[in-house]
Amino acid sequence: MSGRGLWAVQRITAMFLALAVLVHLATILVAVRGGLSAAEILARTQGNEAWLGFYASFALAAGLHGAIGLRAIAGEWLGWRGRGFDAAWLAAGLLTAALGIRAAIGLYAA
Amino acid sequence: MASLQVSVWRGDATGGDFARYTVPARENQTVLDVISWIQREEAPDLAYRFACRVGMCGSCAMEVNGRARWTCRTHVSKVATDGVLEVRPLANLPVIRDLATDMAPFFDKWARARGTFQPKDSPDGAVPADFAVVPPESPKRQAADAGIECIGCGVCYASCDIVAWNKDYLGPAALNRAWTLVNDVRDGARADRLEAVAGDAGCHACHSTQSCTSRCPKGLDPSGAIAGLKRSIFWSVFGITR
Amino acid sequence: MRLDPRGRTHAAYLAFLVHRLSGLALALFLPLHFWALGQAIAGEAALEGFLRWTDSPLLKAAETMLVALLAAHLAGGLRVLALEFLGWSGAQKNLVAASAGFTLLAGLLFLLNVGA
């Protein structure tokens, strides 16, 4: 994907993440009250398609957003440029997203 | 009489170092006055550029105490803390000798960003038969007017970290110029120009550090222009002209 | 890469640095975060065990730091989106200040909740 395409994905995922992070932060701040427990988290996420959908999209957006950002930093501060690095960053982003989706499924199916 | 301790970078493309000079301090003097004094009185072989010396041509731009500025418009009293000055050639450009840099890469990028006007009604470049009517208060004309005073001094280019970190990056001046033309309703090369300024070497590499806008001696806003280019390119995908 | 601080003191540059460094930290942390939460696959007991492991003061401090980084990166990101999509320029200095305030607030809230 071209520089302009990556920029667009970065900004669009940013807009989605801005909302998702606010929801996530609010959830954490409420959840951490009186201590955090697995039971509490799972009570919210088990069998809940909405949370699964939310966290899976959150993970995908975050994985891509982070990878595009790291690509810029690496390109500018380490001189890592070219198709090889681009492919590596895409892989890193998708791998991260996969880990997150795996966790979301885990929370859904636990 | 008080004196200034002035460190001037001397050298060429292969390298160099600071040379130190003691310059008589005067009540009203600019950094250009100081450099000129050094060349006339101490170092006849000092290479530096200036022309108008009144803030119109942009030739005298150099790094003064770590910031790119026009030396003819920089009063020593404003920048020399404790009478100490450090002068280097403009950053991000190849050095020819001492304080004179090679501006060719700067202008090459200007050309790569398609910074030349192409009349809409006559693709072969001939003068159109009729005057174009462009209301000065129209939003596009105001956007163009906000950036057309650029004299290509290179201060923004020298101040930009992305230029330093990304050799292909077109830079703030070239992109600012492109934006003025994108907003020129008489110009016929909009699509090609947006294509030329997009991507990793173009406007999408800008991270809005605003070093360009904060340092521009003419008070232009290249950072805002670059953001405008991003918007134009983004919305053009959906067929919206913004 | 050495950055001469003299020409880099304007608010927008500091905002860029904070945004970039917080993003870097978050991007490096994120896979760890996902991997740890993946413990949930092993069931409630495994997840609970992991959560108890994070109960130590050192880790709680790290978590506070992460929330602050997240808030800073979010606030900085909103600033960039406003600059790029809305074309805000003069007002952006105020946005930087607001971002800093928001970051502080979020960090404080987390601290308060951790203590509660």
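Colleague: A description of the overall build of chain C should follow, citing residues and the corresponding values.
Modeller: Scanning chain C for helices and strands turns up four helices and zero strands. Counting all 116 residues of chain C, 32% fall into the buried class. Considering only contacts in chain C between residues 6 or more positions apart, those separated by 24 or more positions represent 73%.

Colleague: Tell me about the interface of chain A and chain B, and please be specific about residues and values.
Modeller: Each partner contributes to the interface: chain A provides seven residues, whereas chain B provides nine residues. Listing elements by their share of the side of chain A that touches chain B, those giving two or more residues are helix H1 (3-31) and helix H3 (49-78) of chain A. It is H1 of chain A that provides the largest number of residues to the side of chain A that touches chain B, a total of four residues.

Colleague: Any details on the interface of chain C and chain A? Residues and values, ideally.
Modeller: Taken together, the contact between chain C and chain A spans 31 residues of the former and 30 residues of the latter. Looking at the side of chain C that touches chain A, the elements with two or more residues in it are helix H1 (11-37), helix H2 (44-53), helix H3 (57-86) and helix H4 (92-115) of chain C. The leading source of residues in the side of chain C that touches chain A is H1 of chain C, at 10 residues. Grouping the constituent residues of the side of chain C that touches chain A by class yields 22 nonpolar, five polar and four charged.

Colleague: Could you give an account of the confidence of the model for chain A, naming the residues involved and the relevant values?
Modeller: The share of residues in chain A with pLDDT of 70 or more is 100%, and the mean pLDDT across the chain is 91. Per-element mean pLDDT across chain A ranges from 83 in helix H2 (residues 38-45) of chain A up to 96 in H3 of chain A.

Colleague: Help me get a handle on the packing of H1 of chain A against H3 of chain C, residues and values and all.
Modeller: For the pair H1 of chain A and H3 of chain C, the least separation of the axes is 10 Å and the interaxial angle reads 140°. Considering only the axes of H1 of chain A and H3 of chain C, their crossing is left-handed. Contacts from Arg11, Ala14, Met15, Ala18, Val21 and Leu25 of chain A in H1 of chain A reach Leu70, Leu74, Gly77, Leu78, Leu81 and Glu84 of chain C in H3 of chain C. Counted by class, the contact of H1 of chain A with H3 of chain C contains nine nonpolar, one polar and two charged residues.

Colleague: Please set out the nonpolar core residue by residue, giving values where relevant.
Modeller: Residue and element names in this part refer to chain B. Within the largest apolar cluster, 63 residues are counted, with the highest numbers of intra-cluster contacts made by Val6, Val34, Leu85, Val87, Leu175, Ala178 and Leu229. The leading source of residues in this core is helix H7 (residues 172-182), at seven residues. Looking at this core, you find at least three residues from each of domain 1 (3-101) and domain 2 (104-236). If sequence neighbours within four positions are ignored, leucine 229 has contacts with Leu175, Ala178, Trp179, Val182, Val197 and Cys203.

Colleague: Can you break down the pairing of strand E2 (residues 15-24) of chain B residue by residue, with the values?
Modeller: Where strand E1 (residues 3-12) of chain B lies against E2 of chain B, 10 bridges are found, and the strand directions are antiparallel. Paired with valine 8 of chain B across the two strands is alanine 19 of chain B, which belongs to E2 of chain B.

Colleague: Explain H1 of chain C residue by residue, including any values.
Modeller: Residue and element names in this part refer to chain C. Compared with the 39 Å implied by 1.5 Å per residue over 27 residues, the 37 Å span of H1 between its first and last C-alpha is a close match. Along its length, H1 shows its largest kink, about 30°, at phenylalanine 29, and proline proline 31 lies within four residues downstream of that point. Along H1, the residues classified as buried are Ala12, Tyr13, Ala15, Phe16, His19, Ser22, Gly23, Leu26, Ala27, Leu30, Phe34 and Leu37.

Colleague: Summarise the pairing of strand E4 (residues 67-70) of chain B; cite the residues concerned and give the values.
Modeller: Residues and elements named next belong to chain B. Residues of E4 alternate between two faces, with Arg67 and Arg69 on one and Ala68 and Trp70 on the opposite face, all of them buried. Here four bridges tie strand E3 (residues 61-64) to E4, and the two strands are oriented antiparallel to one another. Paired with glutamate 63 across the strands is alanine 68, a residue of E4. What sits between the antiparallel neighbours E3 and E4 is a turn of two residues, in which asparagine 65 has the positive phi angle 50°.

Colleague: Describe helix H3 (residues 104-112) of chain B, with residues and values.
Modeller: All names here are of chain B. Taken together, the buried positions of H3 are Phe106, Lys109 and Trp110. When H3 is viewed along its axis, its buried side chains cluster within an angular range of 110° and face the same direction. Those residues of H3 that are exposed and angled more than 90 degrees off the buried face are Ala104, Asp108 and Ala111. Looking at the packing, one finds that the buried side of H3 touches helix H5 (155-159) and H7.

Colleague: Mind laying out the packing of helix H4 (residues 83-109) of chain A against H1 of chain C, listing which residues take part and the relevant values?
Modeller: In contact at an axis separation of 8 Å, H4 of chain A and H1 of chain C are set at 30° when each is read in the N-to-C sense. Looking at the two axes, H4 of chain A sits roughly parallel to H1 of chain C. Of the two possible hands of crossing, H4 of chain A and H1 of chain C adopt the one that is left-handed. From H4 of chain A, Thr96, Leu99, Gly100 and Ala103 of chain A reach across to H1 of chain C, where they touch Leu30, Pro31, Phe34, Trp35 and Leu37 of chain C. Its residues assigned to classes, the contact of H4 of chain A with H1 of chain C comprises seven nonpolar, two polar and no charged.

What counts, and where the lines are drawn
Residues numbered from 1 in each chain as written. Chains lettered and ligands numbered in written order. Predicted model: local features only at pLDDT ≥ 70, side-chain atom pairs only at ≥ 80, totals over all residues. Helix = DSSP H or I, 4+ residues; strand = E, 2+ residues; numbered from the N terminus. Buried ≥ 20, exposed ≤ 12 C-beta atoms within 10 Å, placed from the backbone. Contact = placed C-beta atoms within 7 Å. Nonpolar A, V, L, I, M, F, W, Y, C, P; charged D, E, K, R; others polar. pLDDT = per-residue confidence, 0-100. Axes fitted to C-alpha atoms, helices over the stretch in contact; angles between N-to-C directions. Left-handed = near helix turned anticlockwise from the far one by under 90°. Core = buried A, V, L, I, M, F, W, Y, C linked by C-beta atoms within 7 Å. Domains from an automatic or database assignment. Pairing = 2+ DSSP bridges. Expected span 1.5 Å × (residues − 1). Bend = angle between axes of the 7 residues up to and from the residue. Arc of directions from axis to C-beta. Parallel < 35°, antiparallel > 145°, perpendicular 65-115°, else oblique.

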